[in-house]
Every structure is written in C-alpha cells, then in structure tokens.
Amino acid sequence: MKGLFKYLRPFLPRMAYGFVIKVLGTVAELFLPYILTHILKNVVVTRDEKAILFWGGMMIVCSAAALLFNIIANRMAAKVSKDFSGELRQKLFDKMLSLSSRQTDRFTIPSLESRITSDTYNVHHFIGMMQRMGVRAPILLMGGVCITLIMDAYLALTMVALLPFILALVIFISKKGVPLYTEVQRSVDSMTGVVREDAQGIRVIKALSKVDYENSRFDGVNARLVKSEKKAGMTMGLVNPIMTGLMNIGITVVIALSAYRTFNGLSDPETVIAFMQYFTQISMALMTVTRMFTMYTKSSASAKRITEVLETPVDIGLFQKSEYPDVKTDAHIFFDNVSFSYIGVKNDLENISFSLKKGQSLGIIGATGSGKSTLIRLLMRFFDVNSGAVYINGENIRTIPDERLTEMFGLVLQNDFLCADTIEENIRFGRDIPTEDIISAARVAQADSFITNFPDGYQHMLSQKGTNISGGQKQRVLIARALASHPEILILDDSSSALDYKTDAMLRVALKENFSDTTLVTVAQRVSSVKNSDLIIVLDEGRIIGMGDHETLLETCLEYREISESQMGGGIVE
C-alpha cells in the first residue's frame, strides 16, 4: 500500500479531521461501561435520585455523542474514499493512455481493465474501512485494556496474555494472503480477457456454432479463478475461527477467575459486569482488526498492481536536438536505414530507407506479416527504432513533442473503433472542428451520401463499435474523422478493404483534389489502392524488395508484378 500513500496525501487533512471526530465518538462509547459500573457500585447504594438521574443522563449523552460522531465520521470517511478512488481511477486511466504500445502489450488490455475496476474497488473498500474502523478498533482495544487494568489488573492480564498469539496469527496469515490475492487478480485478468474477446466476437461465435466451445473456454478460466479464490478464502478464513476460539477460551478463563475472585471477596459483581462489557468491546475490536488485516491483504495485492502501472517509467521520451540533430533535406518524410525488432531477437524491419516530399503519396504493399503496419507505427513513434532514424521535415521524431507530432497525423486503421454517439461527434472526436469541416471531410471520404440518407442525418446515433452500419460505411466515417482536422500526413492502414473498387477510386480522386498538400501514406493489399502513388514500397519479411512507381515495379519487381496480374490481370484500372 505504501506506493499509493503519495496519492492519498492530498486527502490527509480531511482524513485527520474525520479521525478526530471518530476518536471523540469512540471515547464516548468507551466510557459507557465505566459509568454503568460507577452507577451500580457507588450511586445506587446512596439512593440519591438526582445522582442516579445525572449519571443516567451522562450515559444518554455519551450514547448520543457516540452515535452522532460516528455517523459524521463515517460519512466523511465514505466521501474521502469515494473521492480518492475516483481520482486514483482517473490517474490510472491517464497513465494507461500514456503507456507506449510496448508497455500496453506487456500489461495486456484485460489486465489493465481489471486494475482500473476490481483493483481500485479493493483499495477504495480498504481506505473506507481504515477510516471507519481503523481508529475505532485500536481505541476500543487499547482503551479497554487500560481501563480494565485499572479496574482489575489480575483479570485484565488474562486477556492481555492472548494478544501476542492473536497478533502472531494475523501477521502470519497476512503474509500468506498477499501472493494468494495477487494470483486471484491474475485469474481475474484471464477471465476478463476471455469475456472481452467473446463479447467482441459474439457474431462470429454464433455464426460458426462455437458457443459450446467458448463456454468450455470460459469454464476453464472461471475454474482457475474459483480455485484461486477458494485457496485465498480458505487461508484468510482461518483467522476468524481461530480468533473466535482464542477469545472464547479467554472469556471462559476470565469468567471462571471472576467467579473465584468475587466468591473470595477479591472483586465485586459490579466490576465483573463492567469487565465483561469491556471484554466484549475488546473482542469486537480484535475481530475488526482481523477483518482489516484481511482487507489489507487483498487491497495490498491490488495496490501493488495499480502502482506497477502508475510508476511505469516513460520508455519513449523527448530527446534534445543535441542528441538527435536535424538534417538538411527537402523530404517531408525520411526513413534513414531504419531497423526495428519487437522482442530484440530478429529484426521485423531491416535497412528501410526512402524519402517522400510534401504532398506526395506513398503506397506500401506486401504479404501479411511483411512489416507494413510496423513501418507506420515507427513513423508515428508508437515504438522507437533500434537503429537508423525517422525524420519529418528534417526533424528527428525523437525530438518532436508528442502533442505536436500527433497533430501532424490523420490515421485510419482497418479495425478502428467508433463510439456510441452521433456520426457528427464520431467524426469530430472531441476536437474543436466546425460542422462545415465535418461535412466537407465526409464528402471527400464518400460518406456524405449515405449519412444524409438517414432521417436524422449527421445526428444519427451509432452503436458501440458502429455495429449498426456496414463495414464500408464504417470505414468511410473513420476516413472522414482522419480528414476533418486537415492533417499534414494522412495514413490509411488497409482502411479501404471494405470499399468497392468504384468507391475506392472516387476516394483517391477526391483526396488528390481536396488534400493536395497532404502527404498520403497508404497501406493496402490491393494494387489498385496504391498504383497511383508517387512511390510504392514492396515489403517482404521486413525488407524492401521493390521500390518505385507502378510502371517501374511492373518491370523490376517480380513479386509486385505477380500481385498486379493476379488482381488486375496485368491491366491498368482507372
């Protein structure tokens, strides 16, 4: 938990105020048995009605104070834990968005989802309990022990003798619990991953009649989670029965000793009555402390997982131009002998060099796994190159601030996402873009015609992931989103695969007419989508095996010619 204390620091003044109120309420509660003993032992025997009413009133005042102060403190604790967990989730979400692609892959999306949901809930629950019970229980415990030592040290020491055994039990079980609950959260990650995959692919699962198979797959991860929870629950569940057993032994011994001492005149019934009330308070306090340790064990495992994300260092930072100086070039995009590997074993891209002037177009084509999308990720600096350099306008992209770099790009991915919102807001995507620009971008993207066919036009509501429109319509909305901000560089990563040839061709013409100053990078499987590019790169296993325009590649690159002939019969498609 210590990793999260710095995030809790701004809430400490409010927590301290709540603690003071909680202390007042607990002290008032602690005095009740003592006042009762005083009434029974010293007041009743005097038959002084006023004194009896006075001390009875004091009990009522203490009871009311305990009730009022505890309610106020508990409400304050609930608000602090709510605000803290809300801020913690926000910080965690912000950090998740700032993670590099490599870091996101390492954590995995399902794990990040469970950290921001179930893990933050565990921490929230513990912070609330710590404020409500973390003050009350120790005061009742220590205060009860101190008062009973004053009242009857002989009986009190009988209880105190049990405390080392209880403390040792709690510490031992807690140490066992942290790794067990960490394993539980890992099992939650696995289950979340399966649920996420099945929810996204539900149509395919039903179409291929794989419901039973996916049920069995879920049964597997669910069984592992149940096993982990059972092991952790059984281990932590040992605390309460053993605690109860020890306390029952203690109270039995205390009652026997109380009877013996009262019989021999060493104590009195009034003291025994108060003593048993304090013993009950101490017992409940010990049980509460045990519950807190159990909750601490669970939240500690969750806090560790949250801290892992929050304290993940930036692995793609901003460098100074003294380290990566600018180069003199008239190229808008310049790859200088770039090599890159995801896992550092074998290069996924090797010796990639090309240049592209502003307003020119680049087509990237190649077999699946040839490195097309990897090249795009390096251009946008989702990953840093292992060797070589990538330049935009002569600046090494390592020296360009993230905000300025991302503003240069308009990006459309094949499997991009749409939100459950209107078409207009999906194109605007939270940016300050006028409606006129949105409509203009939709026209260039060949989306305006089908959008205006909806009764509510651009206010038509899309479902999550855009499942209520066709694949081709979805891709055109995504292209409109990329164009709406008038990007300096437009990247279309296999984003026209669902478009028919006519629409695809119309899109290319509209881009050339309306975005002539925008540098266009197209990743495609179709030759027709890249053949009019100023420069075409053919990739195979991370290497450039052909580079030039369409006509040059037909003559010099066998692989390109084979792709062209298989798709277009060797002809020229306009």
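Let me sum up the structure you'll find in this document. Owing to the predicted nature of the structure, the values given are computational and were not obtained by experimental measurement. (Residues numbered from 1 in each chain as written. Predicted model: local features only at pLDDT ≥ 70, side-chain atom pairs only at ≥ 80, totals over all residues. Heavy atoms only, no water.)

**Observations concerning the sheet that holds strand S7 (residues 489–493)**
Here is step 1 of the chain: Ordered by their spatial adjacency, six strands build an open sheet running S6-S7-S8-S3-S9-S10, and the pairing between neighbours is mixed. Looking at the sheet topology across the chains shown, the edges are occupied by strand S6 (409–413) and strand S10 (543–548). Averaged over all pairs of adjacent strands, the angle between strand axes in this sheet comes to 15°, irrespective of strand direction.
Here is step 2 of the chain: Direction of pairing for S6 relative to S7: parallel, over a ladder of five bridges. Looking at the pairing, Phe409 lines up with Ile489 of S7.
Here is step 3 of the chain: With respect to the sheet, helix H12 (residues 372–379) is in contact with strand S3 (361–366), S6, S7, strand S8 (519–523) and strand S9 (535–540), its orientation differing from that of S3 by roughly 140°. (Pairing = 2+ DSSP bridges. Helix = DSSP H or I, 4+ residues; strand = E, 2+ residues; numbered from the N terminus. Axes fitted to C-alpha atoms, helices over the stretch in contact; angles between N-to-C directions. Contact = heavy atoms within 4.5 Å.)

**A look at the nonpolar core**
Here is step 1 of the chain: In terms of nonpolar packing, the biggest core is built from 38 residues, with Ile166 and Leu286 touching the most fellow members.
Here is step 2 of the chain: Taken together, the elements giving at least two residues each to this core come down to helix H5 (109–151), helix H6 (153–160), helix H7 (163–200), helix H9 (211–237), helix H10 (239–263) and helix H11 (269–310).
Here is step 3 of the chain: Among the elements that line this core, the one with the most residues is H11, at ten residues.
Here is step 4 of the chain: Ile166 has contacts with Met243, Leu246, Met247 and Leu286, leaving out every residue within four places of it along the chain. (Core = buried A, V, L, I, M, F, W, Y, C linked by side-chain atoms within 4.5 Å. Buried < 20%, exposed > 50% of the residue type's maximum accessible area, 1.4 Å probe, protein only.)

**Structural notes on a negative patch on the surface**
Here is step 1 of the chain: A contiguous patch of negative charge, built from Asp540, Glu541, Glu559, Glu562 and Glu565, is present on the exposed surface.
Here is step 2 of the chain: It is helix H21 (residues 558–568) that contributes the most residues to the negative patch, three residues altogether.
Here is step 3 of the chain: Here Asp540 lies in strand S9.
Here is step 4 of the chain: Residue classification places Asp540 among the partly exposed positions, given a relative accessible area of 36%. (Patch = residues over 30% accessible without salt bridge, like charges linked within 9 Å, V, L, I, M, F, W, Y side chains within 5 Å. Areas by Shrake-Rupley, 256 points an atom, 1.4 Å probe, with all protein chains shown as cover. Salt bridge = Lys/Arg side-chain N within 4 Å of Asp/Glu carboxyl O. Lys, Arg positive; Asp, Glu negative; His and termini not counted. Charge placed at Lys NZ, Arg CZ, Asp CG, Glu CD.)

**Comments concerning the packing of H5 against H11**
Here is step 1 of the chain: The geometry of H5 relative to H11 is characterised by a closest axis approach of 6 Å and an angle of 155° between their N-to-C directions. Classified by the interaxial angle, the pair formed by H5 and H11 is roughly antiparallel. You can see that H5 and H11 cross each other, and the crossing is left-handed.
Here is step 2 of the chain: In terms of residue class, the contact of H5 with H11 is made up of 25 nonpolar, 13 polar and six charged. (Parallel < 35°, antiparallel > 145°, perpendicular 65-115°, else oblique. Left-handed = near helix turned anticlockwise from the far one by under 90°. Nonpolar A, V, L, I, M, F, W, Y, C, P; charged D, E, K, R; others polar.)

**What to know about H6**
Here is step 1 of the chain: Buried within H6 are the following residues: Leu155, Ala156, Thr158 and Met159. Buried residues along H6 cover an arc of 150° about the axis, so they all sit on one side. (Arc of directions from axis to C-beta.)

**Concerning the side chain of Glu395**
Here is step 1 of the chain: With respect to the helices, strands and loops of the structure, Glu395 is situated in strand S5 (residues 395–396).
Here is step 2 of the chain: Its relative accessible area of 14% is what places Glu395 among the buried residues.
Here is step 3 of the chain: In terms of polar contacts, Glu395 uses its side chain to reach the side chain of Lys321, at 2.8 Å.
Here is step 4 of the chain: Once you skip the residues sitting within four places of it in the chain, Glu395 turns out to touch Lys321, Asp326, Val390, Ile400 and Arg404. (Polar contact = N/O pair within 3.5 Å; in protein donor to acceptor, adjacent residues only side chain to side chain.)

**Some remarks on the pairing of strand S1 (residues 333–340)**
Here is step 1 of the chain: Pairing between S1 and strand S2 (residues 349–356): five bridges, direction antiparallel. Note on S2: the bridge partner recorded for Phe335 is Phe354.

**A short note on the environment of Arg102**
Here is step 1 of the chain: Position of Arg102 relative to the elements: it lies in helix H4 (residues 101–107).
Here is step 2 of the chain: Given a relative accessible area of 33%, Arg102 falls into the partly exposed group.
Here is step 3 of the chain: Sequence separation between Arg102 and Val289 is 187 residues, and the spatial gap between their C-alpha atoms is 42 Å.
Here is step 4 of the chain: Ignoring anything within four residues of it in the chain, the contact list for Arg102 reads Asp315, Phe340, Ser341, Tyr342 and Phe383.

No statement about biological role is implied by the geometric values presented.
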